[in-house]
Amino acid sequence: QVNLVESGGGLVQDGGSLRLSCAASGPTTNYATAWFRQGPGKEREFVAAISWSGRITNYAESVKGRFTISKDNAKNTVYLQMNRLKPEQTGVYYCAAATAIIGGTTSNLDVCDYWGQGSQVTVGS
């Protein structure tokens, strides 16, 4: 059982920045971690992912060059630095663990078996 707790959400103006954190607890195993966003009335969509080692990352096209995913294995924490935020990126951001993905990343939410409670990010126009 992997427990994930997100933090760092809030209200920011168009073009602003936020950093989300995802703190993990439970068995220390090799798995991928990903961030997904669910906007109002929309389906949950992939944002970014990182491998267990942190050497492999993957981003949605819409956030490339503006968002950075990283991790600190000593703290069991994954971060999502979000710069130049846009109003359309408003939503609940979820951290997810994919324990079946060893050594790589995933953008498929169906592969993720553990989820955090979500953190609200609101980008004002």
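Since the structure is predicted, the reported quantities are computational estimates derived from the model, not experimental observations.

Engineer: Could you clarify how one ought to interpret the sheet that holds strand β8 (residues 77-82) in this entry?
Structural biologist: Note: strands within a sheet are paired through backbone hydrogen bonds, in either parallel or antiparallel orientation. Read across the open sheet, the 4 strands follow the order β1-β3-β8-β7; overall the sheet is antiparallel. Lying at the two open borders of the sheet, with one neighbouring strand each, are β1 (3-7) and β7 (67-72). Pairs of neighbouring strands in the sheet enclose a mean axial angle of 15 degrees, with direction left out of account. Across 6 bridges, β7 lies against β8 in antiparallel orientation. Of the residues in β8, the one forming a bridge with Phe67 is Met82.

Engineer: Could you clarify how one ought to interpret the side chain of Arg66 in this entry?
Structural biologist: With respect to the secondary-structure elements, Arg66 resides in the loop between β6 (57-59) and β7. Of the buried charged residues, Arg66 lacks a salt bridge, with Glu88 as the closest side chain of opposite charge at 6.8 Å. Polar side-chain contacts of Arg66 include one of 3.2 Å to the side chain of Gln89. Apart from residues lying up to four places away in sequence, Arg66 is in contact with Gln81, Met82, Asn83, Arg84, Leu85, Lys86 and Gln89.

Criteria and cut-off values
Residues numbered from 1 in each chain as written. Predicted model: local features only at pLDDT ≥ 70, side-chain atom pairs only at ≥ 80, totals over all residues. Heavy atoms only, no water. Pairing = 2+ DSSP bridges. Helix = DSSP H or I, 4+ residues; strand = E, 2+ residues; numbered from the N terminus. Axes fitted to C-alpha atoms, helices over the stretch in contact; angles between N-to-C directions. Buried < 20%, exposed > 50% of the residue type's maximum accessible area, 1.4 Å probe, protein only. Lys, Arg positive; Asp, Glu negative; His and termini not counted. Salt bridge = Lys/Arg side-chain N within 4 Å of Asp/Glu carboxyl O. Polar contact = N/O pair within 3.5 Å; in protein donor to acceptor, adjacent residues only side chain to side chain. Contact = heavy atoms within 4.5 Å.

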